[in-house]
Amino acid sequence: TKQTGGFLREMAMVGAGEKGRPKGRYRAKKGDGKAPKSDKAEEGSKDQELEELRVRLRKAQDAESLAREEEYKLREELASAEAAQEQSRRREASARDSAEDARNKATRARECMSEELKNLVAELASFERVAKEQRLHEEAWQAELDAMVLSQTQLMDRRDDLIAENEKLEAESKHQVAATAEAEAQAQKLEEKIAKERCRIELLKREVAAR
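Asks: When you look at the overall build of the protein chain in this model, what are you seeing that I'm missing?
Replies: Within the protein chain one finds two helices and zero strands. Counting only residues that meet the buried cut, the protein chain has 5% of its 211 residues in that class. Accessible surface, the protein chain as shown: approximately 18,800 Å² in total, 55% of it carbon and sulfur.

Encoded structure:
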């Protein structure tokens, strides 16, 4: 991280300063038993500063380790999220494809149903036309049958009238025959009577002529 990098650079600069510093400066001169007090104080301050830097470095390293762990977790979460997003995109694409297929199937089914409905409407119209023609034929046949029944009834009535009239004529004819026979019998009797009268008259004429 940026903080850890700053600490590392700072430690590098401190180390570089220690390496570049002359060695004799921290050593006591030959013949002396101890280093000067100012050098010791400065060396103690530097040691303390180095210890603080080491502590800060460890903290920075710990923080960097935690940051790396957090980064690793975040990367895993990011990868998982990206995988989930990719899976979601695939599902969405699959859902879109399924929806498109469903729409296409629905469109084809609607077209088939429309065509089938059109055929059914045409077939129904044909059936209705045939039924209407059949009904007209039945009505015409019924009218013809009614006319035939009426005509037959009229003919039967006419037959009955003719039979009654024939019977009447036969009765009248029989009566006329009887009357004619009677008239002929009477005429014959009258002719016989006339013939007898003629004979009697002839006899009378002859008797009158003989006198």
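Picking up after the structure, the text goes on.
Asks: What's the story with a negative patch on the surface in this structure? I'm lost.
Replies: On the surface, a cluster of negative charge is made up of Glu69, Glu70, Glu76 and Glu77. Locating Glu77 in the fold gives a position in helix α2 (residues 37-210).

Asks: Is there a simple way to explain the pattern of salt bridges in this structure?
Replies: Any two side chains of opposite charge can pair, so long as their charged atoms come close to each other. Applying the stated criterion across every chain yields a total of ten salt bridges. For Glu92, the salt bridge goes to Arg96, with nearest N and O atoms at 3.1 Å. One end of the pair, Glu92, and the other, Arg96, are both in helix α2, four residues apart, so they sit about a helical turn from each other. By relative accessible area, Arg96 is classed as partly exposed at 47%. The partner of Arg200 in a salt bridge is Glu197, with the nearest N and O atoms 2.8 Å apart. Placement of the pair is Arg200 and Glu197 together in helix α2, with a separation of three residues, close to one helical turn. What makes Arg200 partly exposed here is its relative accessible area of 44%. One salt-bridge network, in which partners are shared between bridges, spans Glu51, Arg54 and Arg58.

Asks: For this particular structure, what's the right way to read the confidence of the model for the protein chain?
Replies: On average, residues of the protein chain carry a pLDDT of 79, and 81% of them reach 70 or more. A low-confidence stretch, residues 14-35 (pLDDT under 50), is modelled with eleven contacts involving residues beyond four sequence positions or located in other chains.

Calculation rules
Residues numbered from 1 in each chain as written. Predicted model: local features only at pLDDT ≥ 70, side-chain atom pairs only at ≥ 80, totals over all residues. Heavy atoms only, no water. Helix = DSSP H or I, 4+ residues; strand = E, 2+ residues; numbered from the N terminus. Buried < 20%, exposed > 50% of the residue type's maximum accessible area, 1.4 Å probe, protein only. Areas by Shrake-Rupley, 256 points an atom, 1.4 Å probe, with all protein chains shown as cover. Patch = residues over 30% accessible without salt bridge, like charges linked within 9 Å, V, L, I, M, F, W, Y side chains within 5 Å. Salt bridge = Lys/Arg side-chain N within 4 Å of Asp/Glu carboxyl O. Lys, Arg positive; Asp, Glu negative; His and termini not counted. Charge placed at Lys NZ, Arg CZ, Asp CG, Glu CD. pLDDT = per-residue confidence, 0-100. Contact = heavy atoms within 4.5 Å.

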